[in-house]
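Structural features, examined
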Amino acid sequence: MDEKKFNVAVAGATGVVGNQMITCLEEREFPVKSIKFLASHRSAGRKLEFKDQEITVEELKEDSFRGIDIAIFSAGGGPSKKFAPCAAKDGCIVVDNSSAWRMDTEVPLLIPEVNPDDIKNYTNKGIIANPNCSTIQMLVALYPIYKKCGIKRIVVSTYQAVSGTGLKAIEELSDQTRAMLNFQDYEKKVYPHQIAFNCLPHIDVFLENGYTREEMKMVLETRKIFGDNNIGVTATTVRVPVFYSHSESINIETLEHISADEVKTLLSNAPGIKVLDDPEKNLYPLAIEAAGTDLTYVGRIREDESIPNGINLWVVADNIRKGAATNAVQIAELLAKDYL
């Protein structure tokens, strides 16, 4: 029997994540019958490649999704709010990478390694939300522990790459670094402070409670994905001068005791995770080694000696791939396999 193939659209195709979505569709051999690339009117007319074909980018419009089975969005919250319902109305299922639909109670928020069964709720609105990049890698690492012994509280500090802000931020870090090494002046365009050789404890806007929106995304998305409003989560998110891959220092308090060795064994056998943890050999996850891969890497696994049921972990993943594009394509694969 021939494999079923699908008409696919990528909205926001010319952006950093959109480009990676195209690469992931090709690398993972998603069963594409036809593919359409969509972007703003400014990018319409550009040429992008897919499987040795040169495809012209079209302007994203309300009628762009007629005849499309699956659309993967990375066009930003505003366009997602406007165009995702249009796509759904035309019978297309949307996998959206923005924050626009994540907290909608009728829209599933999905990490395939964590809550794949929630995908069935896509029928509510025809939309599935892709979580925040920092939330994805954290929950891929924590879910096996949560499932085995429960988690009472999560304290996380992130060290997030500039690619999470987009192409202009990548260019800003590169330009500032080059300028500083050559004793030249530089401009700050993307971030409010110098990002080269610096750390900024400021991702997204500050809210009335003193947290940033990025920090509250991690709190609220964790509760929704785990289906647990009792879990305590507090986050501090930091932008660092790294191009690709987010790193996270995570401290958890579990409901039942689990040893560091048990955590290592548990995570070594969990999907989507690679444990790198041998301090004597200086082996632990590094951003530069996670970049370009789809796994979530976990190391520095140790017991928190300040409380009875505490575990510390260091978690690293490519924010553009597993943190965005790959997770979205994995969702599309679940749809293609079991629902379309």
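Note: the structure precedes this text.
Figured I'd write up the structure that's included with this text.

Cut-offs used in this document
Residues numbered from 1 in each chain as written. Predicted model: local features only at pLDDT ≥ 70, side-chain atom pairs only at ≥ 80, totals over all residues. Heavy atoms only, no water. Helix = DSSP H or I, 4+ residues; strand = E, 2+ residues; numbered from the N terminus. Rg over C-alpha atoms; globule rule 2.2 N^0.38 Å. Contact = heavy atoms within 4.5 Å. Areas by Shrake-Rupley, 256 points an atom, 1.4 Å probe, with all protein chains shown as cover. Lys, Arg positive; Asp, Glu negative; His and termini not counted. Charge placed at Lys NZ, Arg CZ, Asp CG, Glu CD. Buried < 20%, exposed > 50% of the residue type's maximum accessible area, 1.4 Å probe, protein only. Phe/Tyr/Trp six-rings, centres within 6.5 Å; stacked < 30°, edge-to-face > 60°. Core = buried A, V, L, I, M, F, W, Y, C linked by side-chain atoms within 4.5 Å. Pairing = 2+ DSSP bridges. Axes fitted to C-alpha atoms, helices over the stretch in contact; angles between N-to-C directions. Parallel < 35°, antiparallel > 145°, perpendicular 65-115°, else oblique. Left-handed = near helix turned anticlockwise from the far one by under 90°. Nonpolar A, V, L, I, M, F, W, Y, C, P; charged D, E, K, R; others polar. Expected span 1.5 Å × (residues − 1).

Along the backbone of the protein chain there are 8 helices and 14 strands. By the compact-globule yardstick of 20 Å for 340 residues, the protein chain fits well, its C-alpha radius of gyration being 20 Å. Overall, the C-alpha framework of the protein chain stretches about 60 × 55 × 40 Å when taken along its three principal axes. Look at the contacts in the protein chain between residues 6 or more apart in sequence, and 66% of them connect residues 24 or more apart. For the protein chain, the exposed area adds up to about 16000 Å²; of that, 46% sits on carbon and sulfur atoms. If the 38 positive side-chain charges of the protein chain are averaged to one point and the 47 negative ones to another, these points end up 4 Å apart.

What follows is about unusual backbone geometry. Of note, the phi angle at Phe-183 is positive, near 55°, even though the residue is not glycine. Mapping Phe-183 onto the fold places it in the loop between helix H4 (167-181) and helix H5 (213-226). Residue classification places Phe-183 among the exposed residues on the basis of a relative accessible area of 80%. Phi at Arg-300 is positive, roughly 50°, even though this residue is not glycine. Exposure remark for Arg-300: the relative accessible area of 39% places this residue in the partly exposed category.

Structurally, the position occupied by Gly-323 is in helix H8 (residues 321-338). Considering only alpha carbons, one finds Gly-323 and Thr-296, 27 residues apart in sequence, at a separation of 9.3 Å. With sequence-adjacent residues up to four places away left out, Gly-323 is seen in contact with Pro-131, Asn-132, Cys-133, Ile-136 and Asp-318.

Here we come to the packing of aromatic side chains. Here a ring pair, both rings aromatic, is described through the centre-centre distance and the interplanar angle of the planes. Per the counting criterion, the structure on display carries 6 aromatic pairs. Pairing Tyr-159 with Trp-314 gives two aromatic rings, centres 5.6 Å apart and planes at 45°, and the pair type is tilted. Taken together, the residues Tyr-159 in strand E9 (residues 151-160) and Trp-314 in strand E14 (residues 310-317) connect sequence positions 155 residues apart. Judged by its relative accessible area of 32%, Tyr-159 is partly exposed. Accessibility expressed as a relative area gives 23% for Trp-314, which makes it partly exposed. Taken together through their ring pairs, the aromatic side chains of Tyr-143, Tyr-146 and Phe-226 make up a single cluster.

Another point: the nonpolar core. Among the nonpolar cores identified, the biggest contains 54 residues, and Phe-65, Leu-142, Ile-154, Ile-250, Ile-252 and Leu-313 are the most heavily contacted of them. Counting residues per element, this core draws most heavily on helix H3 (residues 133-149), which supplies 9 residues. Apart from the residues within four sequence positions on either side, Phe-65 is in contact with Ala-9, Leu-38, Leu-60, Ala-71, Phe-73, Phe-83, Ala-87, Asp-90 and Cys-92. Within the second largest apolar cluster, 35 residues are counted, among which are Phe-37, Leu-48, Leu-110 and Ala-325.

Judged by pairing direction, the sheet is mixed, and its 6 strands sit side by side in the order E10-E9-E11-E14-E13-E12 without closing on themselves. On the outer flanks of this sheet lie strand E10 (232-239) and strand E12 (273-275), each paired with one strand and no other. Each neighbouring strand pair of the sheet contributes to a mean axis angle of 20°, computed without reference to strand direction. Relative to E14, strand E13 (residues 296-303) runs antiparallel, the two sharing 5 bridges. Counterpart to Tyr-297 in the pairing with E14 is Val-316.

Turning next to the packing of helix H1 (residues 16-27) against H8. Contact geometry of H1 with H8 gives a least axis separation of 9 Å together with a crossing angle of 50°. Compared by their axis directions, H1 and H8 come out oblique. Like other packed secondary-structure pairs, H1 and H8 cross with a definite hand, here right-handed. On H8, the residues that touch Val-17, Gln-20, Met-21, Cys-24, Leu-25 and Glu-27 of H1 are Arg-321, Ala-324, Ala-325, Thr-326, Ala-328 and Val-329. In the contact of H1 with H8, the residues fall into 8 nonpolar, 2 polar and 2 charged.

The next subject is H1. Spanning 12 residues, H1 covers 16 Å between terminal C-alpha atoms, matching the ideal 16 Å at 1.5 Å per step. Along H1, the residues classified as buried are Val-17, Gly-18, Gln-20, Met-21, Ile-22, Cys-24 and Leu-25. Of the surrounding elements, those touching the buried residues of H1 are strand E1 (6-11), strand E2 (32-39), strand E3 (47-50), strand E6 (70-73) and H8. With its phi angle positive at about 55°, Glu-29 sits one or two positions after the end of H1.

These figures capture arrangement, not role.
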